[in-house]
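Reading the structure
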Amino acid sequence: MPAPLLFVASGLTLYLGAAVAVGLFDTLGAPTVSWWRIVLAAVVLVAWRRPWRRRWTRQELVGAGLFGVALAAMNIVFYVGIDHLPLGVAVAIEFTGPIAVAAITGRGWRERGAIVVAAAGVILLAGVTLEGDLARSDALVGLVAVLAAAACWAGYIVLGKRVAGGGAGIDGLAVGMATGAVVFAPFFAGSVTTVVPDLRLLGFLLVVAVCSSVVPYVLDQVVLRRIGTATFAVLLALLPATATVVGAVVLGQLPSWPEIVGLVLVSGAIAMTATGRE
C-alpha cells in the first residue's frame, strides 16, 4: 500500500483514539490516560511480538529503550496539550518537531524556508489561541505542553528510524513501549486501583491504546523501513488536516479562519521539505 494511504489510515485511528481519550480526562486526568495508553499498547505488542525470542545486542536494547522513553514522554505532554487546546491546533503546533528534523537534515533553501513558514503558522495559531475564548492560563499550559511534545516528536522520528533501520522494527517498538511504561510508572501507577476494577474504563483505555498507539506506531515502523527520515516527516503533513477533521466531527471543535490559515502554513512548511529528499 502506498505510504500516503498508510498515513491516512494511521492518522484517522490516531486521532479517533485521541478523541476518545479526551472523554476520559475528567475521570483520570490527561497524563494518566496517556500513561495507560502506553501500558496497554505495550501489553498488546509484547504479547503479539514476544520480543524475548529475538537475540538483542546491547546497542539495540538501549536504542529501543530511548525510543520508547521519547515516545512515552511525547504522548504524555501531548495529552496535556489537547486537554487545554483544540485538537487540530495542538497537532499543528506539535509539528514543529518533524519540521525541525526535516530542515536540519536537509541542505537546500526549501528546508530552511520551511522553518520560516512553519514559524509564521505557529505564531498565528499561538496568537489566535491566546486571544481566543480559552482562559489565558489554559492557553499557556497547552502551548508549552505541545511545544514540549514537538521536541519529543523530533526525538521519536530520529530514534525510530534507527530502531527500524537496525532491523528490530516492531519488536523494537514493543520493547520501547514497555520501557516507556516502566520509566513513567512511579508517577502514574497509583491509578491501578481505580482502573483495573472498572472494566468499562479499562475497555475505553484499551480502545485508546490500540487506536492511538498500536495501529499508528506499527504503521510508522513499516513505513520507516522504506523511506528516509525527512520523507517520513513530510508525510506526517497529512495529519494536521486529519486531526482538524476528527476534532470538528467528534469533538465539535470547529476551526476559525485564522486557525485554518495557520494549519495550512504548517502543512505547507512540511511539504516544502519534500523536494529532492529521500
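Keep in mind the model is a prediction, meaning the values are calculated, not measured.

**Side note on the overall build of the protein**
Within the protein, the regular secondary structure consists of 15 helices and zero strands. Excluding contacts between residues fewer than 6 apart, the proportion of contacts in the protein whose partners are at least 24 apart in sequence is 88%. Accessible surface, the protein as shown: approximately 12,100 Å² in total, 68% of it carbon and sulfur.

**Let's talk about the side chain of E94**
With respect to the helices and strands, the residue E94 is situated in helix 5 (residues 87–94). Once residues within four sequence positions are removed from consideration, E94 is found in contact with M74, F78, V146, A149, A150 and W153.

**Looking at helix 3 (residues 30–49)**
In this model, helix 3 (20 residues) spans 28 Å end to end at C-alpha, consistent with the 28 Å of a helix rising 1.5 Å per residue. Just downstream of helix 3 lies R50, where phi reads positive at about 45 degrees.

**Some thoughts on the UniProt feature "transmembrane region" (unreviewed entry) in the protein**
The positions UniProt marks with the feature "transmembrane region" (unreviewed entry) are residues 33–49, 61–81, 87–106, 113–130, 142–160, 172–189, 201–219 and 231–251. Annotation note: span residues 201–219, helix share 100%, strand share 0%, distance between end C-alpha atoms 26 Å.

**A few points about a nonpolar patch on the surface**
Together, V8, L12, L16, V245, V249 and V250 make up an exposed nonpolar region whose accessible area comes to about 500 Å². Of all the elements in the fold, those that place two or more residues in the nonpolar patch are helix 1 (3–22) and helix 14 (238–251). Among the residues examined, L12 registers a relative accessible area of 41% and is labelled partly exposed.

**Let's talk about the nonpolar core**
Counting residues in each nonpolar core, the largest one holds 75 residues, and the members touching the most others are Y15, F78, Y79, L87, M177 and L205. Excluding its chain neighbours within four sequence positions, the residues that come into contact with L87 are Y15, A18, F78, I82, A243, V246, G247 and Q253.

**A closer look at the packing of aromatic side chains**
Taken as a whole and assessed by the stated rule, the structure comprises seven aromatic pairs. When the centroid spacing of 5.3 Å and the interplanar angle of 75 degrees are considered together, the rings of W35 and W36 count as edge-to-face. Judged by relative accessible area, W35 falls into the buried class, the value being 6%. Among the aromatic residues, those joined into a ring-pair cluster are W35, W36, F184, F187 and F188. In this arrangement the basic side chain of R49 is found over the ring face of W48, its NZ or CZ atom lying 5.2 Å from the centre.

**So, the environment of G190**
Relative to the elements of secondary structure, G190 occurs in the loop between helix 10 (185–188) and helix 11 (192–195). Exposure remark for G190: the relative accessible area of 65% places this residue in the exposed category. As a C-alpha pair, G190 and T32 span 158 residues in sequence and 9.5 Å in three-dimensional space.

**Topic: the packing of helix 4 (residues 58–84) against helix 5**
Direction vectors running N to C along helix 4 and helix 5 enclose 140 degrees, while the axes themselves pass 9 Å from each other. Classified by the angle between their axes, helix 4 and helix 5 sit oblique to one another. The interaxial crossing formed by helix 4 with helix 5 has right-handed handedness. Listed contacts from helix 5 to M74, F78 and I82 of helix 4 are L87, A90, V91 and E94. Of the residues contributing to the contact of helix 4 with helix 5, the split by class is six nonpolar, no polar and one charged.

**Quick word on the packing of helix 5 against helix 6 (residues 96–105)**
The interhelical angle for the contact between helix 5 and helix 6, taken along N-to-C directions, is 25 degrees, at an axis separation of 5 Å. Judged on the interaxial angle alone, helix 6 and helix 5 are roughly parallel. Residue-level inspection shows A92, I93 and E94 of helix 5 in contact with helix 6, the latter providing T96, G97 and P98. Class assignment for the residues of the contact of helix 5 with helix 6 results in three nonpolar, two polar and one charged.

**Remarks on the environment of L45**
Among the secondary structure elements, L45 is positioned in helix 3. In this structure L45 comes out as buried when scored by relative accessible area, which is 0%. Between the alpha carbons of L45 and G172 there is a distance of 10.0 Å; along the sequence they are 127 residues apart. Filtering out sequence-adjacent residues up to four positions away, L45 remains in contact with R50, I170, L173, A174, M177, V214 and V218.

What counts as what
Throughout, a residue's number is its position along its own chain's written sequence, starting from 1. The model is predicted, so local features are restricted to residues of pLDDT at least 70 and side-chain atom pairs to those at 80 or more, both for listing and for counting; the totals for chains, interfaces and linings are taken over all residues. Only hydrogens and water are removed before side-chain values are computed, so all heavy atoms of the structure are retained for them. Think of it this way: any DSSP run of H or I at least four residues long counts as a helix, any run of E at least two long counts as a strand, and we number them from the N terminus. Whether two residues touch is decided by their heavy atoms; if any such pair falls within 4.5 Å, the residues are in contact. Accessible surface is estimated by sampling points in the Shrake-Rupley manner with a 1.4 Å probe; for residues, cover comes only from the protein chains shown. Here the expected length of a helix is defined as 1.5 Å per residue gap, with one fewer gap than residues. UniProt positions are given in the numbering used here, feature names are shortened, and annotations may be inferred rather than shown by experiment. Only residues whose relative accessible area exceeds 30% and that form no salt bridge are eligible for patches; like-charged ones are grouped when within 9 Å, while nonpolar side chains (Val, Leu, Ile, Met, Phe, Trp, Tyr) are grouped when within 5 Å. By definition, a salt bridge exists where a carboxyl oxygen of Asp or Glu is found within 4 Å of a side-chain nitrogen of Lys or Arg. Per-residue accessibility, obtained with a 1.4 Å probe over protein chains only, is compared with the maximum for each type, and a residue is labelled buried under 20%, exposed over 50%, and partly exposed between these values. Nonpolar cores were defined as sets of buried Ala, Val, Leu, Ile, Met, Phe, Trp, Tyr and Cys residues, with membership established by side-chain atoms within 4.5 Å. What counts as a ring pair is set by centres within 6.5 Å for rings of Phe, Tyr and Trp (its six-membered ring), and what kind of pair is set by the plane angle: stacked under 30 degrees, edge-to-face over 60, tilted for all other angles. Think of it as a cone above the ring: NZ of Lys or CZ of Arg counts as a charge over the ring if it is within 6 Å of the ring centre and within 35 degrees of the ring normal. Axes here refer to lines fitted to C-alpha atoms; in helices the fit is confined to the stretch in contact. Angles between the N-to-C directions go from 0 to 180 degrees. For classification purposes, an angle smaller than 35 degrees is called roughly parallel, one larger than 145 roughly antiparallel, one from 65 to 115 roughly perpendicular, and anything else oblique. By convention, the crossing between two helices is left-handed when the near helix turns anticlockwise from the far helix through less than a right angle, and right-handed when the turn is clockwise. Three categories are distinguished: nonpolar for Ala, Val, Leu, Ile, Met, Phe, Trp, Tyr, Cys and Pro, charged for Asp, Glu, Lys and Arg, and polar for the others, with Gly belonging to the last.

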